[in-house]
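Geometric and topological summary
Below, each chain spelled out in residue letters.
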Amino acid sequence: RRVSEAEALDFVFGYSVMIDISARDNRRAGQWIYSKGQDTYAPFGPCIVTADEIVDPHALDLWLTVNGVEKMISNTRHMPFKVPLLISDISAAMTLEPGDMSATGTPAGVGAGRFPQEWLWPGEVVEAEVTGIGRLRHPVVAICEAGMIFNRETLEAQNRYKILTATVTPRPIAWITTLSASGV
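Scope of this entry: the structure provided in the associated data block. (Residues numbered from 1 in each chain as written. Predicted model: local features only at pLDDT ≥ 70, side-chain atom pairs only at ≥ 80, totals over all residues. Heavy atoms only, no water.)

**A word on the overall build of the protein chain**
For clarity, the cut-off: By the criteria applied, helices consist of DSSP H or I runs no shorter than four residues and strands consist of E runs no shorter than two, each listed in order from the N terminus. Throughout this description, buried means an accessible area under 20% of the type-specific maximum (1.4 Å probe, protein chains only), exposed means over 50%, and partly exposed covers the range between. For the area figures, the Shrake-Rupley method with a 1.4 Å probe applies, and any residue is considered shielded solely by the protein chains shown.
Each helix and strand counted, the protein chain has four helices and 10 strands in total. From first element to last, N terminus to C terminus, the protein chain shows the α and β order α-β-α-β-β-β-α-β-β-β-β-β-α-β. For the protein chain, with 184 residues in total, the buried portion stands at 40%. For the protein chain, the computed accessible surface area is about 10200 Å², with 55% contributed by carbon and sulfur atoms.

**Considering the environment of Tyr15**
Within the secondary structure, Tyr15 is located in strand E1 (residues 12-22). Judged by relative accessible area, Tyr15 falls into the buried class, the value being 4%. Taking C-alpha positions, Tyr15 is 8.3 Å from Pro57, a pair spaced 42 residues apart along the chain.

**What about the pattern of salt bridges?**
Formally: One speaks of a salt bridge when a side-chain nitrogen belonging to Lys or Arg is within 4 Å of a carboxyl oxygen belonging to Asp or Glu.
One pass over the structure, following the stated rule, counts three salt bridges. In this structure, Arg114 engages Glu118 in a salt bridge whose closest nitrogen and oxygen atoms are separated by 3.9 Å. Residue class for Glu118 comes out partly exposed when judged on its relative accessible area of 30%. The residue Glu129 makes a salt bridge to Arg135 at a minimum N-O spacing of 2.7 Å. On the accessibility criterion, Glu129 (17% relative accessible area) is buried. Among the charged side chains, a salt-bridge network with shared partners connects Lys71, Arg114 and Glu118.

As structure tokens, this is what we get:
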């Protein structure tokens, strides 16, 4: 708790990749928890690269594709909030425990911000990659409601396409860890 920015990186175990999926039409009272917290909405992987293997977490290229088409390309140096600031800010309000994760930011290019807007549909494949960490592949699957499987055509015909409105962004993840009293 109350980790300073100067010591924050000492508490990072490692980094991974997360795809942040948002059902923007499911925001409730301006809150994101429902639209970002649904099952399968925050896949991460494909591994955890330990902090000692990442020389500078603010100098990593990252990109995202949907069905092989590049949608985002950026570098972690463009993140509005650096890892030390995030850790310091979060730990000012809550105790960080071993295994806690923090998503560090979203580059430009989300589907909702495009013209025309772009959404994800069943059968599409989203891939996010961060240099030095790896590539995460995430298929978009059809939703099932009362035993009925919807595809894009069915959703559009029923004017229910907003069920699948989602934006996806690659994020390097800072895995936060603390040392035990024994230093092990």
